[in-house]
Amino acid sequence: MKVTNITWRIGGEAGCGIPAAGNIFSRTFSKKGYSVIDHIEYPLLVKGGHSTYISRLNSGEIFSLNRDINILAALDQRTIEMHQDEVIFSGYVIYDGEKYRLKDKVNIRKDINYISVPFQRITAEQGLLNIMISNIALGASLALIDYNVDNAVDTVKDVLSGRERETIEMNSRALEFGYKYIREKLKIKAYELEIVKPDAKLLVTGNDAVFLAGVRSGCKFYAECPAPQSYPIHDSFAAVEDDFNIVARNSEDEIEALNMAIGASFAGVRTMVTTSGAGFSLMGEGLGCAAITETPVVIVLLQRPAPAAGLPTWTEQGDMLFSLYASNGEFPRVVIAPGDPEECFYLTGRAFSIAEKYQIPVIIILDKYLSESHFTFAKFDMKKIKADRESIYLSDRDITGDYFRYNDTGNGISPRPVAGLKKGMHIANSEEHDRYGFSEEDAHNRKRMADKRFRKVGGLLEEIQPPVRYGPVNADMTIWGWGSSKGPVLEAIRILNSQEKKVNFIHFTYLYPFDREIVEKYINESSKNVIVENNKTAQLSKLIALYTGYRIGNKILKYSGRQFLPEEIVESIEKIE
Amino acid sequence: MREEYRLKPSDFNTERRPTWCRGCGNYAIHDALKKVFVQLELYPHQIIMVYGTGCSGSGVNFLRTYGFHCMHGRAIPIAAGAGLAAHKMTVIAVSGDGDIMGAGGNQFIHACRRNINITCILVDNHVYGLAGGQVSPTGGNDYKAGSATRVISVQPINPVSLAIASGATFIARGFSGDPLQLREILKKAVRHRGFSLIDVLAPCIIYSSVDIYGYYRRKIYRLEDVKSYDRSKKAEAFEKSLENDRLPTGIFYKVDEPVYEDTLKQIDRKPLIDHIISDIDINKLLNRYY
């Protein structure tokens, strides 16, 4: 059957090599010009439990995963039980029929194909390791798509480059054996994928994009306290420390991480920290310290279902209002929620520029889904990230006359020096201070300093990108959302607009400062509104009500720890009268 | 680089005069810092001072250097971050016992074990002075503090023992009633490569017994006077630090161990703050993602 889209899911116990196999699958196709989006789901376990990797590839443009699976590669029986309902009519399940008899174990669907590939026997006969079972399944899957297995072998060499030759050879062999088993022994061809122009695409996660933008933006100090979602960013920075003169720090806690970043930023370098929501709770204090001392810092908040430990390896948009109001007192900040890895790249670049120019903390909100899902893009435009060092004095020549660290300027920004300049000596003071930085309790001064800090909001509002409207201007219904639900909603409105309904979508990346004028304009131009958020309490609708007084009545909310699928949104929209 | 003027202690004065209570231990530390900077020919712009919260923290207003006044307990990580970014500068954290032994305890032990190249002056008065005289983590039974309505049997933290156990490489105790010795210790601590701690007994005369200076004078003896004492022996230093009937002051322990900053190749070439970042080429890095 000729197809333009293949969605593939592999599942099994943690420790079967599922992440590597998923990565190889996605990369094999992105290298040859296909659009790919993937996602890994895993339990908080080193071994055992249930782990899956889903990858969707398409010859055209896609924005998110979809619900229907073409091929389910089941390394254990549990995977069939949990996921066979997702398999599309006449789709395929690959399993090890020598390990268990299907009939005894699961309700067999009559409308799909179950194909037995003896993973365990091949592993034993070929002297492979258990962790390579997933590669046998991967090879078998490629045969079903009738795709050249050599491309995947090349990807294995790429992904495992630097590893022992034997490891690479064994992994390649596992792949080829799975392939041959279907191709030569069973002689099944299930799908024929539409051919595309083989221009390699960038395949990046949200984490990758944040890291790449950090390096490009001149981040010189990075810190985190190890967490499942943020350690890939740490590892990426640590791997290029020497090439790009960056210190990547593994902190004992998030308190140290943020305070060290503030210290390094005070001295004059660009800094970034990453954390989960739980760690961000610990950073509340430091956030306020950065704000009143007017020290720039970029904080990347990787949300997961909470409160407290919650579901540490799953996804949710639950920390938006928290990030807007964390820390005691009132101060300006910028909160940005990119919707995909491309936005992660450009907006992280903007975050560094804004933090430095306005001398404020900038918070970038991702979630587990965006952090760890790969998306393809043609390329990143380097011209869009420039590290123009605004409002920072790099030499004594820049400073004329007496220097006041907290000079009360028209736009609220008081340029600051890098440490060590003779003319720029100053105090950064977490107590309220006068223009020199000296502690000062005077009432008039307090008001002046608070006003000075908040004057920055005027400039910020002119620089930040307002919410973007996707789809037709005139629509029967308008969806409102923010951050990572962008992809599923874009897919949903594509489906809806191909039918009778005209639906558009307003997506927020910048959440604070809040651009009230444009939001009110969008409200006036919409007829029926619905909020789509990956949380329990519709936080964006609260924010919109807070600034505009307008309450969005229709809500589509998901808080199961899983990202939306476009089909779920379509079905919910269709139910709204 | 030679500077054009000859340093004197008053070069470190700001327009603000110290506001500590008369007899406060902070004066001796403030004075020692200025004199040691002159002796070491450290100019104000070559120094980053980081202060915690409380009485010692208000010192940020009185000493003319690059200064950062941070939150309770956070002087060490702020100083460590600044020191990494500008590692040619002299970085000193000044903070109280409620600060560093309380809220900042975790950061303290990790700074010790990483041997970060900063000096930490622990202004140790056994109370939360500015909060109202509550007993601090270093406070023992010798203090009758504001909030101690009844005697609770808790062990005070011994900062010297804790620093030895945690891996610091220069550990000393000073006394604000012995400014000469304090200056000597401070000079050596600033020169030391690695994490140096000076636990300065700096009495709060408001929230302690009337003759606290006399009490310390009777109890204290100088380690320099113990000819047989070898400060390069960790076990010996630890044992010395546990002495309580009489209190030793001076340098308990000093060794040269690998310094955190020295293990970082990326700051070897030049300080992080000196890099030009306007157009960093990441194309080679990007190729890995195709």
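Computed from a predicted model, the values in this text were never measured in an experiment. (Residues numbered from 1 in each chain as written. Chains lettered and ligands numbered in written order. Predicted model: local features only at pLDDT ≥ 70, side-chain atom pairs only at ≥ 80, totals over all residues. Heavy atoms only, no water.)

A.B. asks: I would appreciate a short explanation of the overall build of chain A in the present structure.
C.D. replies: Looking only at helices and strands, one finds 20 helices and 25 strands in chain A. On C-alpha atoms alone, chain A measures out to a radius of gyration of 26 Å, which is about the 25 Å that the 2.2 N^0.38 rule sets for 577 residues. For chain A, the C-alpha atoms occupy an extent of roughly 85 × 60 × 45 Å along the three principal directions. Partitioning the contacts of chain A with sequence separation of at least 6, the portion at a separation of at least 24 is 75%. Total accessible area computed for chain A in this model is approximately 21300 Å², and 49% of it derives from carbon and sulfur atoms. For chain A, the centre of its 69 positive side-chain charges and the centre of its 76 negative side-chain charges are spaced 3 Å apart. (Helix = DSSP H or I, 4+ residues; strand = E, 2+ residues; numbered from the N terminus. Rg over C-alpha atoms; globule rule 2.2 N^0.38 Å. Contact = heavy atoms within 4.5 Å. Areas by Shrake-Rupley, 256 points an atom, 1.4 Å probe, with all protein chains shown as cover. Lys, Arg positive; Asp, Glu negative; His and termini not counted. Charge placed at Lys NZ, Arg CZ, Asp CG, Glu CD.)

A.B. asks: Which parts of the structure should I look at to understand the sheet that holds strand E19 (residues 427-429) of chain A?
C.D. replies: On the basis of which strands lie adjacent, the open sheet formed by nine strands has the order E19(A)-E2(B)-E1(B)-E3(B)-E4(B)-E8(B)-E7(B)-E10(B)-E9(B) and mixed pairing. With partners counted over all chains shown, the strands left at the sheet margins are E19 of chain A together with strand E9 (220-222) of chain B, one partner each. Put simply, the sheet's adjacent strands are angled 20° from each other on average, direction ignored. Of the pairings in the sheet, the one linking strand E1 (residues 47-51) of chain B to strand E2 (residues 66-69) of chain B comprises four bridges and is parallel in character. (Pairing = 2+ DSSP bridges. Axes fitted to C-alpha atoms, helices over the stretch in contact; angles between N-to-C directions.)

A.B. asks: What is the right way to read empty space enclosed by the protein from this model?
C.D. replies: To find leftover empty space, one rolls a probe the size of a water molecule over the atoms. Taken as a whole and assessed by the stated rule, the structure comprises seven cavities of 30 Å³ or more. Of the volumes computed, that of the largest cavity is approximately 80 Å³. Lining the largest cavity, in full, are B:Trp20, B:Asn26, B:Ile29, B:His30, B:Leu33, B:Tyr51, B:Ser56, B:Gly59, B:Leu63 and B:Val94. By residue class, the composition of the lining of the largest cavity is six nonpolar, four polar and no charged. In terms of lining residues, the second largest cavity is bounded by A:Ser265, A:Val269, A:Arg270, A:Thr271, A:Pro296, A:Val297, A:Val298, A:Phe352, A:Ala355, A:Glu356 and A:Arg416. Put simply, the parts of the chain that give the lining of the second largest cavity at least two residues each are strand E12 (270-276), strand E13 (297-303) and helix H14 (341-358) of chain A. For the lining of the second largest cavity, the leading source of residues is H14(A), giving three residues. (1 Å grid on protein atoms, 1.4 Å probe; cavity = no way out; pocket = protein on both sides within 12 Å on 5 of 7 lines; lining within 4 Å. Points joined across faces, edges and corners; volume = space filled by probe spheres on them. Nonpolar A, V, L, I, M, F, W, Y, C, P; charged D, E, K, R; others polar.)

A.B. asks: What exactly am I supposed to notice about the state of the cysteines here?
C.D. replies: By definition, a disulfide links the sulfur atoms of two cysteine residues through a covalent bond. For the structure on display, the rule yields zero disulfides over all chains. A:Cys219 takes part in no disulfide bond, and the closest cysteine sulfur, belonging to A:Cys344, lies 15 Å away. Residue classification places A:Cys219 among the buried residues on the basis of a relative accessible area of 0%. B:Cys70 takes part in no disulfide bond, and the closest cysteine sulfur to it belongs to A:Cys289, at a distance of 6.2 Å. For B:Cys70, a relative accessible area of 0% gives the class buried. (Disulfide = S-S within 2.5 Å. Buried < 20%, exposed > 50% of the residue type's maximum accessible area, 1.4 Å probe, protein only.)

A.B. asks: Please clarify how the interface of chain A and chain B should be interpreted in this entry.
C.D. replies: How big an interface is tends to be stated in terms of accessible area lost as the parts join. If you look at the interface, chain A gives 72 residues, while chain B gives 55 residues. When chain A packs against chain B, close to 5400 Å² is buried across both sides, 62% of that on carbon and sulfur atoms. One can count seven salt bridges joining chain A with chain B. Here A:Arg216 makes a salt bridge to B:Asp279, at a shortest N to O gap of 2.7 Å. The set of elements that each furnish at least two residues to the side of chain A that touches chain B consists of strand E9 (202-205), helix H8 (206-216), strand E10 (219-224), helix H10 (241-244), strand E11 (247-250), helix H11 (254-267), helix H12 (277-293) and E19 of chain A. At nine residues, H11(A) tops the list of elements feeding residues into the side of chain A that touches chain B. Residue composition of the side of chain A that touches chain B, grouped by class: 34 nonpolar, 18 polar and 20 charged. (Buried area = accessible area lost by both parts, 1.4 Å probe. Salt bridge = Lys/Arg side-chain N within 4 Å of Asp/Glu carboxyl O.)

A.B. asks: What exactly am I supposed to notice about the packing of aromatic side chains here?
C.D. replies: Here a ring pair, both rings aromatic, is described through the centre-centre distance and the interplanar angle of the planes. Residues and elements named next belong to chain A. Per the counting criterion, the structure on display carries 32 aromatic pairs over all chains. Centre to centre, the rings of Tyr346 and Phe380 are 6.0 Å apart; their planes meet at 70°, and the pair counts as edge-to-face. Of this pair, Tyr346 sits in helix H14 while Phe380 is found in the loop between strand E16 (374-377) and strand E17 (392-393), placing the two residues 34 residues apart along the sequence. Across this residue pair, the class does not change: Tyr346 and Phe380 are buried. Here the aromatic residues Phe345, Tyr346, Tyr369, Phe375, Phe377 and Phe380 are joined through ring pairs into a cluster of three or more. The ring of Phe404 is capped by Arg435, whose NZ or CZ atom sits 3.8 Å from the centre of that ring. (Phe/Tyr/Trp six-rings, centres within 6.5 Å; stacked < 30°, edge-to-face > 60°. Lys NZ or Arg CZ within 6 Å of the ring centre and 35° of its normal.)

A.B. asks: Is there a simple way to think about the sheet that holds strand E15 (residues 361-367) of chain A in this case?
C.D. replies: One key point about sheets: their strands pair by backbone hydrogen bonds, in either a parallel or an antiparallel sense. All names here are of chain A. Pairing is mixed in the open sheet, where seven strands are placed in the order E11-E10-E12-E13-E15-E14-E23. The open sheet terminates on both sides in strands that have one partner only, identified here as E11 and strand E23 (510-512). For this sheet, the mean inter-axis angle between neighbouring strands, taken without regard to orientation, is 20°. Summarising the sheet, E10 and E12 pair through four bridges and their orientation is parallel. Directly across from Cys219, in E12, lies its bridge partner Arg270.

A.B. asks: Would you take a moment to explain the domain arrangement of chain A for this structure?
C.D. replies: All names here are of chain A. Entries for chain A in the domain assignment read domain 1 (2-200), domain 2 (204-384), domain 3 (392-463) and domain 4 (468-575). Distance between the C-alpha centres of domain 2 and domain 4: 26 Å. Run the count over domain 2 and domain 4 and you get two salt bridges. Residues Asp340 and Lys486 are paired through a salt bridge, measuring 3.0 Å at the closest nitrogen-oxygen approach. The interface formed by domain 2 and domain 4 includes 13 residue pairs in polar contact (both at pLDDT 80 or more). Among the elements of the structure, helix H13 (320-325), strand E14 (334-336), H14, E15 and helix H15 (368-372) are those that each provide at least two residues to the side of domain 2 that touches domain 4. (Domains from an automatic or database assignment. Polar contact = N/O pair within 3.5 Å; in protein donor to acceptor, adjacent residues only side chain to side chain.)

A.B. asks: What is the right way to read helix H17 (residues 486-498) of chain A from this model?
C.D. replies: Look at H17(A): 18 Å from first C-alpha to last across 13 residues, which is about the 18 Å you get at 1.5 Å a residue. Of the positions making up H17(A), those classed as buried are A:Lys486, A:Gly487, A:Pro488, A:Val489, A:Leu490, A:Glu491, A:Ala492, A:Ile493 and A:Leu496. (Expected span 1.5 Å × (residues − 1).)

A.B. asks: Help me understand unusual backbone geometry, please; the structure alone is not making it clear to me.
C.D. replies: For residues that are not glycine, phi is negative in most cases, and the peptide bond is trans in most cases. Omega for the bond connecting A:Ala306 with A:Pro307 falls within 30 degrees of zero, at 10°, which places this linkage in the cis form. With respect to the element layout, A:Pro307 can be found in the loop between E13 and H13. Note that the residue after A:Tyr512, namely A:Pro513, is joined by a cis bond; omega there is -5°. Note on placement: A:Pro513 falls in the loop between E23 and helix H18 (516-525). The phi dihedral of B:Asn115 falls on the positive side, at around 55°, and the residue is not glycine. By the element assignment, B:Asn115 lies in the loop between helix H4 (105-114) and strand E4 (119-124). By relative accessible area, which is 4% here, B:Asn115 ends up buried.

A.B. asks: How do you make sense of the packing of helix H5 (residues 133-144) of chain A against helix H7 (residues 165-186) of chain A when you look at a structure like this?
C.D. replies: The description of two packed helices rests on the angle between their axes and on the distance between the axes. Residue and element names in this part refer to chain A. At a minimum axis separation of 6 Å, H5 and H7 run at an interaxial angle of 40°. The angle between H5 and H7 falls in the class oblique. Note on packing geometry: the crossing formed by H5 with H7 is right-handed. Here Asn135, Ile136, Leu138, Gly139, Ala140, Leu142, Ala143 and Leu144 of H5 lie close against H7, whose contacting residues are Asn171, Ala174, Leu175, Gly178, Tyr179, Ile182 and Arg183. A breakdown of the residues in the contact of H5 with H7 according to their chemical character gives ten nonpolar, four polar and one charged. (Parallel < 35°, antiparallel > 145°, perpendicular 65-115°, else oblique. Left-handed = near helix turned anticlockwise from the far one by under 90°.)

A.B. asks: Could you clarify how one ought to interpret the side chain of A:Asn504 in this entry?
C.D. replies: Residues and elements named next belong to chain A. Mapped onto the fold, Asn504 is located in strand E22 (residues 503-508). Polar side-chain contacts of Asn504 include one of 2.8 Å to the side chain of Thr478. Residues within four places of Asn504 in sequence aside, it is in contact with Arg469, Tyr470, Gly471, Pro472, Val473, Ala475, Met477, Thr478, Ile479 and Ile493.

A.B. asks: I keep staring at the side chain of A:Asp253 and nothing clicks. Help me out?
C.D. replies: With respect to the helices and strands, the residue A:Asp253 is situated in the loop between E11 and H11. Polar contacts involving the side chain of A:Asp253 include one to the main-chain amide nitrogen of A:Glu256, which spans 2.8 Å. Polar contacts involving the side chain of A:Asp253 include one to the side chain of B:Asn106, which spans 2.8 Å. Once residues lying within four places of it in the same chain are set aside, the contact partners of A:Asp253 are A:Cys225, B:Asn106 and B:Gln107.

A.B. asks: Where do I start with the packing of helix H1 (residues 18-30) of chain A against helix H6 (residues 149-159) of chain A in this structure?
C.D. replies: Residue and element names in this part refer to chain A. Where H1 contacts H6, the axes come no closer than 9 Å and their chain directions differ by 120°. Classified by the interaxial angle, the pair formed by H1 and H6 is oblique. For the element pair H1 and H6, the recorded crossing hand is right-handed. Contacts between H1 and H6 involve Asn23, Ile24, Arg27 and Thr28 from the first element and Asn151, Ala152, Thr155, Val156 and Val159 from the second.

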